[in-house]
Amino acid sequence: MNSHVNLERRRQAIYGWLLLTPAMILLSIFAFYPSIATLWSSLFSRNTRRRPSEYVGGENYSDLFADPTFWLVVKNNLLYAGVTIPVSIAIALAMALWANSKISARGFVRTAYFTPTVLPMIAAANLWLFFYTPGLGVLDQIGGLFGLPTVNWLGQPETALWAIIIVTIWKEAGFFMIFYLAALQTIPEDLKEAADIEGASRWTYTRRIVLPLLMPTTLFIMVNALINSVKLIDHLFILTKGGPSDASKLILYYIWEMAFAFFDSPHAAAMTIMVLVVLGVVAAIQFFYIDKRTHYQ
Amino acid sequence: MSEQPFVVLDNVAKRWNGQLGVEHVSLDIEEGAFVALLGPSGCGKSTTLRLLAGLETADEGRILIDGRDVTTSAASDRNLSMVFQSYALFPHLSVAENVVFGLKVRRVPRAERREKLTRALTITGLIGYEVRKPGELSGGQRQRVALARAIVAGQRLCLMDEPLSNLDAKLRTSVRKDIKKLQQDLGITVIYVTHDQTEAMSMADKIVLMKDGHIQQVGTPSDLYNKPNNTFVAEFIGAPPMALIASEALAGFGPSKRIGLRAENIVLAPEGTGRMTCRVSESEFLGAETLIGLEHEQATGLTIIRPGLSPMTVGQEVGITFDDADLHIFDASGNRLVS
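Quick look at the structure, then. Just so it is clear, the structure is predicted and the values come from calculations on it, not from any experiment.

**Details of the sheet that holds strand β12 (residues 258–261) of chain B**
Working definition: the strands of a sheet are paired by backbone hydrogen bonds and lie parallel or antiparallel to each other.
Residue and element names in this part refer to chain B.
Next up, step 1: Pairing is antiparallel in the open sheet, where four strands are placed in the order β16-β11-β12-β19. In this open sheet, the two edge strands, each paired with only one partner strand, are β16 (299–300) and β19 (328–330).
Next up, step 2: Judged from the three bridges that link them, β12 and β19 form a sheet pairing that is antiparallel. Each bridged residue has a counterpart across the sheet, and for I259 the counterpart in β19 is I329.

Put into structure tokens, the structure is as follows:
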């Protein structure tokens, strides 16, 4: 009897480990090992022909803190995240609420909103390049009709980052809308009816009932949007290459530049580690703090 | 002017894309009444309730509540409350917040709100559960939260859409009594949708039996039981349902009529003296009594009630007899013939 139970328990344990193994192997090879290797290489100096790589501790990190471009890139990225995340979430929510209501051509509206997400990043960037091109671009053509002067949206430091921000919002809002739309469909219809009978206006219903019930989705989207804001690189390749004079350079692009344009992999590694730490901390705050104030159905 | 009923439905109809919802629904309901809308699934009883609530708009006819024409009014302007089948509690709000949601929306002052909340929670026995979320309550407690939300504003009309169908059988019986008592104590008018005839019979002052979007009969429970308008009512009300016998099977009733007979009016006849001879098809022991199902070529639903445990052998031939006064006579299309 006793051995029977033990055998069963062992069988369950083996079963559990078998289920875990594929994910564990993949994560180890492609996530855990690279992270640790990056951390390791960030502690060594650059390997040149004259001077072999040697252990330098935190020197790569202090170099970065002393680098004005690093601070510019961080500032750019904060602005970029600070604008794209709330704005794209707000737009996604508004679109989802609209696409979820009883309107004609609902399927068309949903598809239209989702189209930017389906486009490959590079194609989307080229599309916007055409919008932004001075003189020929759609924006300037329209502006020209009203007699506005030609603006080189991507070519001047004051507007380059904002131009990138608008492309990102355009691309992300539709994607986030899908999540909101799915969440909205899990809210039972009779909650709306009950609120109607109690005399709640559409706005009160949205604010007091719908938004709180969408909080888990919002949290999920926020984490995703944050990660995306650090991950953005392909638009920059097509649209600005980080310029002019670093005005639209974001963290990942800078890391890429350091590693593969300047071949300074130790500094790139150090910066990668800092990004990982910051992202980890923010995700932890989001999940542990906001999570507690969120209602899950 | 004669006194007008509290709620009036005047020839109301509702269709969806040409498909019938309800039609020719006319109904007068007095203030303080407990009215059950009864019928099988898809009969239009819920549609009727939703038309009253203002969750659907009638295609034809008029709806009056308290003398006011509300046919096109919004749900919130009809001064009524509603208990939903699924309870429709807001899952992220606590019991107290759920109950006062409507008061808050209608900007009732805080002190009054608290007082009404305490009263509603006391009546429904929910004191001590104020801060719980609906997800942390049992089915019966959730049901009471829905009731508390319905009575807290003190509306004189309360609509209930199968409020007991998600409860288990035992709880259903006790909540049934609670709801009836609540309605009488508060003196409110309740319109109650159910597909369970026991619920309707035990709670309602007046039953509206519907089928395929039409009202079949309106009356007191005893009217429906003792004087069914047609064979549908006869077979729907009562457990076991009324047996129907083709008139050819009995002497002296003429052709092509149907004769209804309740189980409690049938007795076994001594051998050879029965008015009909049937075959026993099943015995169902219920504790206090045993139901004996009988088969006859020209009858459906014949049942005898015998006290205690007294099963009979399946296949046995028995004679039955009954009093002519207990018979309900329907014409060929199933409508009651006044005898």
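**Looking at the interface of chain A and chain B**
Next up, step 1: Counting residues at the interface gives 16 residues for chain A, matched by 16 residues for chain B.
Next up, step 2: When contributions to the side of chain A that touches chain B are tallied by element, the ones reaching two or more residues are α8 (189–197) and α9 (202–231) of chain A.
Next up, step 3: It is α8 of chain A that contributes the most residues to the side of chain A that touches chain B, six residues altogether.
Next up, step 4: Among the residues making up the side of chain A that touches chain B, the classes are represented as eight nonpolar, four polar and four charged.

**Digging into unusual backbone geometry**
All names here are of chain B.
Next up, step 1: With an omega dihedral of 0°, the bond running from A239 to P240 counts as a cis peptide bond.
Next up, step 2: Note that P240 resides in the loop between α8 (231–236) and β11 (243–246).
Next up, step 3: For A88, which is not glycine, the phi dihedral falls at a positive 50°.
Next up, step 4: Here A88 lies in the loop between β6 (80–83) and α2 (95–105).
Next up, step 5: A tally of 22 C-beta atoms within 10 Å means that A88 is categorised as buried.

**Some thoughts on the nonpolar core**
Next up, step 1: A36, V99, Y192 and V208 of chain B are the most contacted members of the largest nonpolar core, which has 142 residues in total.
Next up, step 2: Take this core: its biggest share by element is 12 residues, from helix α7 (residues 157–185) of chain A.
Next up, step 3: Each of domain 1 (7–233) and domain 2 (240–330) of chain B accounts for three or more of the residues forming this core.
Next up, step 4: When neighbours within four sequence positions are excluded, V208 of chain B is seen to be in contact with L27, V35, A36, L37, L38, I215 and V218 of chain B.

**Overview of the pairing of β11 of chain B**
Residues and elements named next belong to chain B.
Next up, step 1: Judged from the four bridges that link them, β11 and β12 form a sheet pairing that is antiparallel. Within β12, the residue paired with A246 across the bridge is R258.
Next up, step 2: As paired strands, β11 and β16 are joined by two bridges and run antiparallel to one another. Paired with I245 across the two strands is A299, which belongs to β16.

**So, the pairing of strand β1 (residues 7–16) of chain B**
As a general feature of sheets, a regular strand has side chains that alternate between the two faces.
Residues and elements named next belong to chain B.
Next up, step 1: Here β1 pairs with strand β2 (residues 19–29) via seven bridges, running antiparallel. Across the sheet, V7 pairs through a bridge with I29, a residue of β2.
Next up, step 2: In textbook terms, the turn of a hairpin is the stretch between consecutive antiparallel strands, and for β1 and β2 this stretch comprises two residues, one of which, N17, has a positive phi near 45°.
Next up, step 3: Of the strand pairs in this sheet, β1 and strand β4 (residues 60–65) are connected by five bridges, and their pairing is antiparallel. Each bridged residue has a counterpart across the sheet, and for D10 the counterpart in β4 is R62.

**Some details on the packing of helix α11 (residues 251–261) of chain A against helix α12 (residues 265–288) of chain A**
Residues and elements named next belong to chain A.
Next up, step 1: Here α11 crosses α12 at 160°, and the two axes come no closer than 8 Å. Here α12 runs roughly antiparallel to α11, going by the angle between their axes. Where α11 crosses over α12, the two elements pack in a sense that is left-handed. Only S265, H267, A268, M271, T272 and V275 of α12 make contact with α11, whose side of the interface consists of I251, I255, M258 and A259.

Conventions we followed
- Residues numbered from 1 in each chain as written.
- Chains lettered and ligands numbered in written order.
- Predicted model: local features only at pLDDT ≥ 70, side-chain atom pairs only at ≥ 80, totals over all residues.
- Pairing = 2+ DSSP bridges.
- Helix = DSSP H or I, 4+ residues; strand = E, 2+ residues; numbered from the N terminus.
- Contact = placed C-beta atoms within 7 Å.
- Nonpolar A, V, L, I, M, F, W, Y, C, P; charged D, E, K, R; others polar.
- Buried ≥ 20, exposed ≤ 12 C-beta atoms within 10 Å, placed from the backbone.
- Core = buried A, V, L, I, M, F, W, Y, C linked by C-beta atoms within 7 Å.
- Domains from an automatic or database assignment.
- Axes fitted to C-alpha atoms, helices over the stretch in contact; angles between N-to-C directions.
- Parallel < 35°, antiparallel > 145°, perpendicular 65-115°, else oblique.
- Left-handed = near helix turned anticlockwise from the far one by under 90°.

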